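Here is how the chains run, residue by residue.
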Amino acid sequence: MNMTMKNQSVNAIRMLGVDMVNQANSGHPGIVLGAAPTMYALFTKHLSYNPDKPDWIDRDRFVLSAGHGSAMIYATLHLAGYDLPMEELKNFRQWGSKTPGHPEYGHTPGIEATTGPLGQGISMAVGMAMAERYLGATLNMNEQKVMDHYTYVLCGDGDLQEGVAMESMSLAGHLGLEKLIILFDSNDIQLDGPIETATSDDVQAKVKAMNWNYLRVEDGDDVEAISAAIDQAKENKNGPTFVEVKTIIGHGSPNQGTSATHGAPLGADNTAEVRKNLGWDLEPFVIPQEVYDDFAATNVQKGTEACQKWEDLAQEYIKANEEEGKILQALMNNTNVDMDWEAIFADYTPGDNLATRASSGEVLTRLQKSNPLMMGGSADLASSTKVKGINGDFTKENHLGRNINFGVREHAMAAITNGLVLHGMKAFSGGFFIFSDYMKPAMRLSALMGIGSIFAFTHDSVAVGEDGPTHEPIEQLAGLRAMPNMDVLRPADANEVKAAWKLALESDKTPTSILFTRQNVPTLEGVSFEGVEKGAYVLSPEKKKINALLIATGSEVALALEAQKTLWDMDIDVRVVSMPSMYRFKKQDPEYQESVLPKKAKKRVAVEMGASFGWAEFVGKKGTCLTIDTFGASAKGEEVIHNYGFNVENLVGIVKELVD
C-alpha cells in the first residue's frame, strides 16, 4: 500500500471525527486528530474481527478506555464495515442515534464495553484478558485452539491518573497477562492544560515496576512504527505490554498541542485550516470509495476469513469434545451451561442456625462445580466473605484456577468482574458491603451495560459490631437500590440464599448485588423460591384479619417473625412479608403486589438495619419504619443491634402504638 492511500485512510478517520463533532456542536476532536494513525494501524494490520459477525467469540477485543474519543471509534467502525451507516455518524450525540457521546456496549455494533469514566476501560480489558487465558486453558485441545486472541486498549493520560487503572494494571502485571496490549495516546495534555500541572510520574518506570513490558513510538503519525511496536508486543510472552505512542493532540489544527482542542468543536475556520493542512479537500462526511476498499482489503478480509476458519474448527471441536463442546456452545450462544439445580442445592432445615455468608459460601462452591464458566474472588477478604473461586488460584502459572486474589483493589475488582462477564464468564466478586462505595462506578457501568455481573457482599449491617461505624453500612442499601437496572437481593436465610444465587446466575441483562450477614440467622419455615423470584412474598400470613403488616429483609425477617408471635398473644393479628428484592417486587403486576401488600392494610412497619430512605413507597403515610438513619457504633454485635431497637420488645411496642 502506498503512502498516499495510507495517509488518505488515516485522514478519513480524522475528518469524519471532526465533522461529527462539528455537526453535533459537541465532542472531543483532539484525540481523533492525534490518535487516528494508531487506530488505523490496529484495525488494518492487527485486529482480528468480522464486522458482519461482531459477536464472534474468538475475535480480538478492542476497548477505547479514553471513551471521550468516541467519534474516532465510530468513524473507524464505519470505515471497517460495521453496521454503522453514515447517517448514524451525522447524528452523533443526538437522541436515538447509535453514536452516543461515549461508547455504549450493546448500543453500537463493535463496541466491546461502555467507557467514558476514565480507567474503567483498562480495567474491563484486564478482565477480558483473564477470561481469554482461563478459557484457552480450559478449552484448547492440542491443535484445536478455539480460544486464542488478543485484548487491546487505547488509553490517554487521564486514564493513567485514575486509581482504578493503576489497581488493574498492577494485577494484570502480577498475573502475566501476555495477550493484553495497551496503546497509550501520550500527548501530555488534558482538559485543564499540560499534564505537568497535575503529575510528574515516570510512566515508563511506573509500568515496568508493575511487571509490564514497555515500548515507545516517538512519532504518533508513523503508522509503520506503530504497527511494528504492536508486532513486538505480540511477541512478548512474559507479561502484558504497554506501548507509549507520542502524539500531538489536535494534530493539524491551529491550536494543536494545546488543551483548546480537547473537548470543544473546532468550528468552521479551524476546520478549514485542518482540511488545508491535511490536504483533505472533500466536503463534510464525504469519503472516497478507495478508503472503504483499503479497510476491506486489509484486516477486515483477513478477519472474515479467520472467523470462517474458526467456525469450521468449532463445529469439529464440538463433535470431538462433548463436555468442553457444551462450554463452547454456551459461550457462542451467550447462554448458561445446563445445571441440575436440584442436585446442586442441599436442603437447609428450619431451625438450622448459620450466617447467610456461610450458606452462601457452601452454595457458591457447589454451583461452581457444576458451572465451569463461574470465576471470581474477593478483595483480600475471602476468609471472611466466603466468596471464593474453586480449582485453586488463577495465577501466571495456573490459568485453570478460578479463584482470583484481587488484593485490596475493590474498584478494580468490580471493573474486572465486568470484563470477565463481557467475555462470557459468569463472574462474581466479594467484599464487605461498606466497601461497595469503592466499587460504585464500575457497578453502575454494569447496570448501564445490562450485563449479569454478580457482586456478593457480606457484613451487611450494624451487626458487624466491634469494627464500628467505619465498617457498618447504613445508606449503602438505599444507594444501590436507587441505581437503575441493579437487582439488590438481601436474603433472610439459607434457603433464600439459594434462590438469590440462582436468580443472579440466570440474570443476563441485569447485574445482581447479594447481601449476606456476618451473624448467624435461623433457617425459616415457609421460604418460597417463587416468592424470592418475585421480590417479596407472604412468609407468615395473618390468622384472620390484618391489623398490621411487618415488611422485613435479611436478618430482620427472623425478628419480624418473633414479634409476630408475641403480637398474636396480644390479639394483634400481623402478617410478615419477606422482601428480599424491591427491584423485583416493583416489576410484578398490580394483582400480585396487592396480594402481598393489600392497600387496605395501611398500618405497616418496615424493619431493616439500614437507612429509611426508599421505604416510604411501601409503608405509606400511615406506616412507619424501624430503620437506622445515623451512623453505627462500636460494640458487640448483639449489643449494637439491641441498642438500635432491633429487638422483639421494641418492635412490638412500635406495632402497638401504630394500631392503637
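Residues numbered from 1 in each chain as written. Predicted model: local features only at pLDDT ≥ 70, side-chain atom pairs only at ≥ 80, totals over all residues. Heavy atoms only, no water.

Taken as a whole, the largest pocket holds about 910 Å³ of empty space. For the largest pocket, the lining is made up of 43 residues, of which Asp-55, Arg-59, Tyr-105, Asn-334 and Leu-422 are closest to its centre. The set of elements that each furnish at least two residues to the lining of the largest pocket consists of strand 1 (61-64), helix 10 (289-320), helix 11 (322-333) and helix 15 (410-422). For the lining of the largest pocket, the class distribution of residues is 22 nonpolar, eleven polar and ten charged. Here the second largest pocket is characterised by a volume of approximately 380 Å³. Elements with a contribution of two residues or more to the lining of the second largest pocket: strand 14 (520-522), helix 20 (556-569) and helix 24 (637-643). Class assignment of the residues belonging to the lining of the second largest pocket gives a composition of nine nonpolar, five polar and four charged. (1 Å grid on protein atoms, 1.4 Å probe; cavity = no way out; pocket = protein on both sides within 12 Å on 5 of 7 lines; lining within 4 Å. Points joined across faces, edges and corners; volume = space filled by probe spheres on them. Helix = DSSP H or I, 4+ residues; strand = E, 2+ residues; numbered from the N terminus. Nonpolar A, V, L, I, M, F, W, Y, C, P; charged D, E, K, R; others polar.)

Moving on, we get to the sheet that holds strand 3 (residues 180-186). Taken in spatial order, the five strands of this open sheet run 1-2-3-7-6, and their pairing is parallel. Sheet topology places strand 1 and strand 6 (213-217) at the edges, where each strand pairs with a single neighbour. The sheet shows a mean angle of 20° between the axes of neighbouring strands, direction not considered. Pairing analysis gives five bridges linking strand 6 to strand 7 (residues 241-246), with the strands arranged parallel. (Pairing = 2+ DSSP bridges. Axes fitted to C-alpha atoms, helices over the stretch in contact; angles between N-to-C directions.)

With that settled, consider the packing of aromatic side chains. Summed over the entire model, instances satisfying the criterion amount to 16 aromatic pairs. The rings of Phe-43, Tyr-49, Phe-62 and Tyr-82 are connected pair by pair, giving a single aromatic cluster. Over the aromatic face of Tyr-150 sits the side chain of Lys-179, whose NZ or CZ is 4.8 Å from the ring centroid. The ring of Tyr-150 carries Lys-234 above its face, with NZ or CZ at 6.0 Å from the centroid. (Phe/Tyr/Trp six-rings, centres within 6.5 Å; stacked < 30°, edge-to-face > 60°. Lys NZ or Arg CZ within 6 Å of the ring centre and 35° of its normal.)

Before going further, it helps to examine the UniProt feature "binding site: thiamine diphosphate" (unreviewed entry) in the protein chain. On the UniProt side, "binding site: thiamine diphosphate" (unreviewed entry) is annotated at positions that read His-68, Gly-116, Pro-117, Leu-118, Gly-158, Asn-187, His-262 and Phe-435 here. An extended arrangement is adopted by the annotated residues: their sequence extent is 368 residues, and the largest C-alpha distance between any two is 34.7 Å. Here Asn-187 shows up in the loop between strand 3 and strand 4 (189-190). Take Asn-187: its relative accessible area is 11%, and that puts it in the buried class. Apart from the residues within four sequence positions on either side, Asn-187 is in contact with Asp-157, Thr-247 and Ile-249. (UniProt positions renumbered as here; feature names shortened; annotations may be inferred. Buried < 20%, exposed > 50% of the residue type's maximum accessible area, 1.4 Å probe, protein only. Contact = heavy atoms within 4.5 Å.)

All right, on to the sheet that holds strand 12 (residues 487-489) then. The strand order across the open sheet built from five strands is 9-10-11-13-12, with neighbouring strands paired in parallel fashion. Taken across any chain shown, the strands that pair with only one partner, and hence form the sheet edges, are strand 9 (374-378) and strand 12. Direction aside, the axes of adjacent strands within the sheet are offset by 20° on average. Pairing of strand 9 with strand 10 (residues 426-432) involves five bridges; the strand directions are parallel. Along strand 10, the bridge assignment pairs Ser-378 with Gly-430. Of the strands in this sheet, strand 10, strand 11 (454-458) and strand 13 (512-515) are in contact with helix 16 (residues 436-449), which crosses strand 11 at around 160°.

Bringing the environment of Pro-580 into the picture now. Position of Pro-580 among the secondary structure elements: in the loop between strand 17 (574-578) and helix 21 (582-585). Residue class for Pro-580 comes out buried when judged on its relative accessible area of 1%. Beyond its immediate stretch of four places on either side in the chain, Pro-580 contacts Val-488, Leu-489, Arg-490, Glu-496, Val-532, Gly-535 and Ala-536.

This part takes up the pattern of salt bridges. Applying the stated rule across the entire model yields 28 salt bridges. In this structure, Glu-530 and Lys-534 form a salt bridge, with 3.3 Å as the shortest nitrogen-oxygen distance. For Glu-530, a relative accessible area of 47% gives the class partly exposed. With its nearest N and O atoms 2.8 Å apart, the salt bridge here joins Arg-575 to Glu-542. Of the two residues, Arg-575 is situated in strand 17 and Glu-542 in the loop between strand 15 (537-540) and strand 16 (548-552); the sequence distance between them amounts to 33 residues. Looking at Arg-575, the relative accessible area reads 9%, which means it is buried. (Salt bridge = Lys/Arg side-chain N within 4 Å of Asp/Glu carboxyl O.)

As annotated in UniProt, the feature "binding site: substrate" (unreviewed entry) corresponds to His-28, His-262, Arg-357, Ser-384, His-459, Asp-467, His-471 and Arg-518 in the numbering used here. Spatially, the listed residues are scattered: they cover 491 residues, and their C-alpha atoms lie as much as 48.4 Å apart. Those annotated residues that line the second largest pocket are Arg-518. Along the chain, His-459 turns up in the loop between strand 11 and helix 17 (476-481). A polar contact of 2.9 Å, which involves the side chain of His-459, links it to the side chain of Thr-458. Mapped onto the fold, His-471 is located in the loop between strand 11 and helix 17. Once you skip the residues sitting within four places of it in the chain, His-471 turns out to touch Phe-432, Ile-434, Phe-435 and Val-464. (Polar contact = N/O pair within 3.5 Å; in protein donor to acceptor, adjacent residues only side chain to side chain.)

With that settled, consider the pairing of strand 16. Regular strands show a simple pattern: their side chains alternate between the two faces of the sheet. Buried residues dominate strand 16, accounting for five of its five residues. In the sheet, strand 16 pairs with strand 17 via five bridges, with the strands oriented parallel. The partner of Leu-549 across the bridge, within strand 17, is Arg-575. Each parallel crossover has a hand, and the one from strand 16 via helix 20 to strand 17 is right-handed. Bridging between strand 16 and strand 18 (residues 604-607) involves four bridges; their strand directions are parallel. Within strand 18, the residue paired with Leu-549 across the bridge is Arg-604. (Right-handed = clockwise from strand over helix to strand, strands pointing away.)

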